[in-house]
Amino acid sequence: MHNKDCVKVAVRVRPFNKRERDAGSRCIVSMVLSSITIQDPRDCQNSRSFCFDYAYWSHSGFTQDCGGLYVPEEPGGRYADQDSVFQDLGEGILENALQGYNATLLAYGQTGSGKSYSMLGYGPNKGLVPKLCERLFQAVKGSQDTRQCQVFFSMLEIYNEQVVDLLSRGSRTPGGLRVREEQQRGFYVEGLRIVPCESSPQVEQLMEQGTRTRTTAATHMNANSSRSHMLIILQLQQIFSKESITKQSNVNLVDLAGSERQRSSGSEADRLKEGTAINLSLTTLGNVISSLADVAMGKKVVHIPYRDSVLTKLLQSALGGNSRTVMIATLSPADICYEESLSTLRYAERAKRIQNRAVVNESPTERLVKELKAENDRLLHRLTRLGQEGHRTSNETKELRQLLTHNELQIRAIQTLWEQHLQEALKDWEQQYANITQERRKMQMHPYILNINEDAQLSGVVKLFILEGEWDVGMCDSSPKSISIKGLGIQERHAVFRNEQRRITLTPLPGSKVIVNGVSVSQTTELQHLDRLILGSNCTYLFISYPSERSGDDWSRYDYDYFQSELAAAQGIHLGESSVGSDQTDPSLLAIFYDYVKLMPMMAEANQMSQELNKGVEFKLEIKNLTLSDSKGRDLEKEIVVRVTAGAKKQVWVWSKAKFVNRKFLMEEVYQQHHLERSGDNVLTRTDEVLPRDRDPFWDPVEPLLLGTAHLWLQSLAFRIPLEEQLEVLGSEGTEEAILQVQLVPCNASGLVLGEDDILIDPSELLDRRLDFQLVLEQCCGLRWIREVRSRGVQIGFRLLDCSQPLYTPAVWHNVNPLLDHKVHFASLHTSQRLLDYLQSSAVVLELWGLQEGCTELESSLEGVRMTAEGVFIIEEADPTDPAAADSSELCCSVRALQQDLEEMKNINASLRKENHSLREQLSAARNGGEGVRSRAVRPSCDAEFARSLKVFYQSMTSVRGQLQRLRRHRPSDDTNLLGLRLFVTEQSCLLKDFSEQLEQCVSTLKQDVAAIVRRKREQAGNWS
Ligand SMILES: Nc1ncnc2c1ncn2[C@@H]1O[C@H](COP(=O)(O)OP(=O)(O)OP(=O)(O)O)[C@@H](O)[C@H]1O
Ligand SMILES: [Mg+2]
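Residues numbered from 1 in each chain as written. Chains lettered and ligands numbered in written order. Predicted model: local features only at pLDDT ≥ 70, side-chain atom pairs only at ≥ 80, totals over all residues. Heavy atoms only, no water.

(A) Inspection of the environment of Asp-1009 at higher detail. Among the structural elements, Asp-1009 can be located in helix α19 (residues 978–1024). In this structure, the C-alpha to C-alpha distance between Asp-1009 and Ser-949, residues 60 residues apart in sequence, is 6.5 Å. (Helix = DSSP H or I, 4+ residues; strand = E, 2+ residues; numbered from the N terminus.)

Quick look at the structure:
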């Protein structure tokens, strides 16, 4: 019987995690019945609703009962616990399996969204898989008199398109197990261990074993578990002897890799696309789902790409085939996960359209039994007929009887095979059970270290006991007195544990990395209960001391994040306890902090891989734009970048976070391949070739690098005052990269420099008039970039106003103090108010670009640039939408106050002019033309005086601005102990005092000058009248 079944889709929203709570995240997801709405956090008008078969609210309204179970706060509350999810999804799958249908359950969602929580569960909060097994065996037991059931369990992982048998007892097959195809069976994994099971504790134990294999494989191969897919396959065979029907069903339970892996490949412009294999399964799954959704919508689809990846081959029947399929899409409700959550919902919506055709299955084995039984019936019938007809020949009868016996033996063999398998599995199980019991007993007697993994599901799986005596810890596993640990950066003999008189110490051996509670150690260190150890690049363990030292503390808070935050804190990157979670925490800073903590272990691993593969490449995390600001002096958005330095030539690249993450995966691939080849058991794929550069994730073509910026403020131009400056070029993190000598020279249209007489008192005089000036880049001094490596060069880039493309100076090479001697003439033909505002509030950001041997120099693109025939650049008006400076810091307030003073002064000036004007009128009315000459002579002299004071004022303002910049850069040093903080505060107060004194001085000088000018003017006016 054919049935058309749509894939059933459920969504589930988990609680905020610690990171989201700390960041003060907002919940952007709401649910009504089975519909879910997600709101764009940047635009609250923009929301999208989706409707699914089930929607589970597991975000709020729950409490933990005494057994550790998460349950609704009040009976009938909206919180969906593990039980209610199982009621809907698990029971349906079980029902289907018992009816003889294939069934599949897929968990899809971004990393950390709760896939494993829903599928496997944590501690007492058991997920769908264990609950399903429990119920399955209950059902089997409950119907023993009507049917005979056989359950087989297998567990595998698909990592990088390789199938790893998680229950395998032997060593790992290099290159993974093969996926084969058979007409009848479809795709299957050849040689996969299939274990017969009789009870749910047996299944749970197998799952524990599988998780352990997954954990060790992940650390040994330096593989990230969130990139792998985990598949549990339950095969159920049922024999209904009365009805002589047999049914067989396969239940696939799939915990997919984090969905962001699928998206990240396309989003980042990297020379190297993400590893061919890394995302292949997830991407192909997406393509298959899309094609099948199109089929369901009636579109013509020529090809469904099942065969493109291992996962889709194995799930072929689950998708558009013979299976009843359920997908649970898990979401984070936090605003910071909006993009990922929306993408998950869209994916789930497509999956909802897929139509399958499930049938009740008959397996070949059962058919064989049936056929044999039928043949026996026929044989018996013939025998009786021969007997009745009386012409039985002894030969024929003998032959028939032999056939009958043979068939019966075969039937019995098939039936006893199951029992034999079961016996074997039972023996195996007992052995495993004994091991686990022994481990549990040891845990109650001895100290040990417990693995902590990035994937919470794999944490606490490995326990390494430190019995009395001295123990070598490292890669070596030959010595009986050793504890074997494999992983990146772990040496043959890495460190020594000593357990003497119930004191446990750890002594790092020379050249090995050991970190205890965030701090690198090289001496013997006594370990305390719950100390955090990081061995090698990133093998993280929690130390559990003797039971007498263990108080009933909660160890779960020492998760992977805790280890990494502690390490970052020790390196000076931390958020004060008070700021975490408080309303004042700047969300962008929090994001930087979490990125840093996330990337730090990856960077350690990348460095280790580079070292082991002899790449000579070094990775370092940096905060981009930590001290840099835009043309208005506003802080630029900060982000974590990775500085990559290679080889003796010291080539440098700066990679974005996304690019680094992508490259890190590719490095892992290269590294794993290298290990496979080195282990020698993979003779077939052994290649000693050096990786060609265009495929090498540790390499990139060299490019110009932004070393730092300097600000040249344009204010003086509004008064046509020339400006000569020595600017400090600051690197991203506040280092001094160079000193730049520059000038801003007001000139006329033909480039002739203007004199003091052309200085303006009121910039509005420029309105609608032409303004010409030259930007002169004279010299660069003390170039750190070139001091480091002589073969390098630099260029300066700058852009004015709305210019979309920057202009660059010609490149200068090999010189620490190169002369630039670069002059550019700019002109505004009709100066507008907006341009004046721009000049008075903005700076030209001069970018220092570093060139490296072999890289292409930067060229000014003149496309879209307006120029006169004489080569004068015409500047456009400033962007009207540009918001006003929005810095609210105290210091900026002072600058703003200063600007107000300036405005006031302008008003005084305007009223003076008015007064002057009326005085002149009075004069001319009262006296004859001869005295008019005198009055003309007065104005320029007063105005010139005023202009001169303004010039002095602006020049002193430049130094005030420099002081302000210094203040903004001034931060406490990394070792912020109390003393350090006190020193910092004292320094800061001194700087502030200096700053305010300078500011006061500037303003009061200007005020005095203006007052003197006003007084003189009045006196002169008085004299004349
Ligand atoms: N419904 C829920 N209720 C309570 N806690 C949850 C829930 N869902 C997830 N969590 C918690 O969130 C964390 C991450 O969940 P989980 O390990 O299931 O993520 P995942 O999607 O499997 O991630 P990965 O792709 O890295 O494997 C775990 O600590 C888990 O306990
Ligand atoms: Mg998981």
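Anyway, onward from the coordinates.
(B) Quick look at unusual backbone geometry. Despite not being glycine, Leu-530 shows a phi value in the positive range, around 70°. Mapped onto the secondary structure, Leu-530 falls in the loop between β29 (525–526) and β30 (532–535). Taking relative accessible area as the criterion, Leu-530 reaches 6% and is therefore assigned buried. Within the chain, Asp-768 stands out as a residue other than glycine whose phi angle is a positive 65°. With respect to the helices and strands, the residue Asp-768 is situated in the loop between β37 (736–747) and β38 (771–781). The class for Asp-768 is exposed, based on a relative accessible area of 61%. (Buried < 20%, exposed > 50% of the residue type's maximum accessible area, 1.4 Å probe, protein only.)

(C) Fine view of the site of ligand 1. By nearness alone, 16 residues border ligand 1, and Gly-112, Lys-115, Ser-116, Tyr-117 and Tyr-122 come closest of all. In the model, an oxygen atom of ligand 1 is placed 2.7 Å from a nitrogen or oxygen of the Gly-112 main chain. Tyr-117 is positioned such that a nitrogen or oxygen atom in its backbone is 2.7 Å from an oxygen atom of ligand 1. Protein coverage of the free-state accessible area of ligand 1, which is 630 Å², stands at 82%. Examining the composition of the shell around ligand 1, we find that three residues originate from one element, helix α3 (residues 115–119), more than from any other. Of the residues in the shell around ligand 1, the class split is four nonpolar, eight polar and four charged. (Near = heavy atom within 4 Å. Polar contact = N/O pair within 3.5 Å; in protein donor to acceptor, adjacent residues only side chain to side chain. Areas by Shrake-Rupley, 256 points an atom, 1.4 Å probe, with all protein chains shown as cover. Nonpolar A, V, L, I, M, F, W, Y, C, P; charged D, E, K, R; others polar.)

(D) Structural detail: the sheet that holds β29. Taken together, five strands build an open sheet; the order of strands is β24-β23-β25-β26-β29 and the sheet is mixed. Where the open sheet ends on each side, the last strands, each with one partner, are β24 (482–484) and β29. As paired elements, strand β26 (residues 503–508) and β29 share two bridges and run antiparallel to each other. Within β29, the position partnered with Leu-506 by the bridge is Thr-525. (Pairing = 2+ DSSP bridges.)

(E) Quick peek at the sheet that holds strand β4 (residues 35–39). Pairing is antiparallel across the open sheet formed by three strands, whose spatial order is β3-β4-β5. Taken across any chain shown, the strands that pair with only one partner, and hence form the sheet edges, are β3 (29–32) and β5 (47–51). Each neighbouring strand pair of the sheet contributes to a mean axis angle of 20°, computed without reference to strand direction. Relative to β5, β4 is paired through five bridges, and the arrangement is antiparallel. Bridge pairing in β5 places Ile-36 opposite Phe-50. Contacting β4 and β5, helix α9 (residues 338–352) crosses the sheet at an angle of about 35° to β5. (Axes fitted to C-alpha atoms, helices over the stretch in contact; angles between N-to-C directions. Contact = heavy atoms within 4.5 Å.)

(F) Representation of the environment of Leu-280. You can see Leu-280 is positioned in helix α7 (residues 280–296). With sequence-adjacent residues up to four places away left out, Leu-280 is seen in contact with Glu-161, Asp-308 and Ser-309.

(G) Structural context of the environment of Glu-677. Mapped onto the elements of the fold, Glu-677 is located in helix α14 (residues 657–679). Note on Glu-677: relative accessible area 12%, which makes it buried. Residues Glu-677 and Pro-174 lie 503 residues apart in sequence; the distance between their C-alpha atoms is 9.6 Å.

(H) A look at the pairing of strand β33 (residues 639–646). Note that strand β32 (residues 617–624) and β33 share eight bridges and pair antiparallel. Bridging across to β33, Glu-622 finds its partner in Val-641. Of the pairings in the sheet, the one linking β33 to strand β34 (residues 651–656) comprises six bridges and is antiparallel in character. From the neighbouring strand, Ala-646 faces β34, where its bridge partner is Gln-651. In this antiparallel pair of consecutive strands, β33 and β34, the connection spans four residues, and Gly-647 shows a positive phi of 60°.

(I) Layout of α7. For α7, built from 17 residues, the straight-helix expectation of 24 Å at 1.5 Å per residue is met to within 8% by its first-to-last C-alpha distance of 24 Å. Of the positions making up α7, those classed as buried are Ser-281, Leu-282, Thr-284, Leu-285, Gly-286, Val-288, Ile-289, Ser-291, Leu-292 and Ala-293. Downstream of α7 by a residue or two, Gly-298 has a phi angle that is positive, lying close to 90°. (Expected span 1.5 Å × (residues − 1).)

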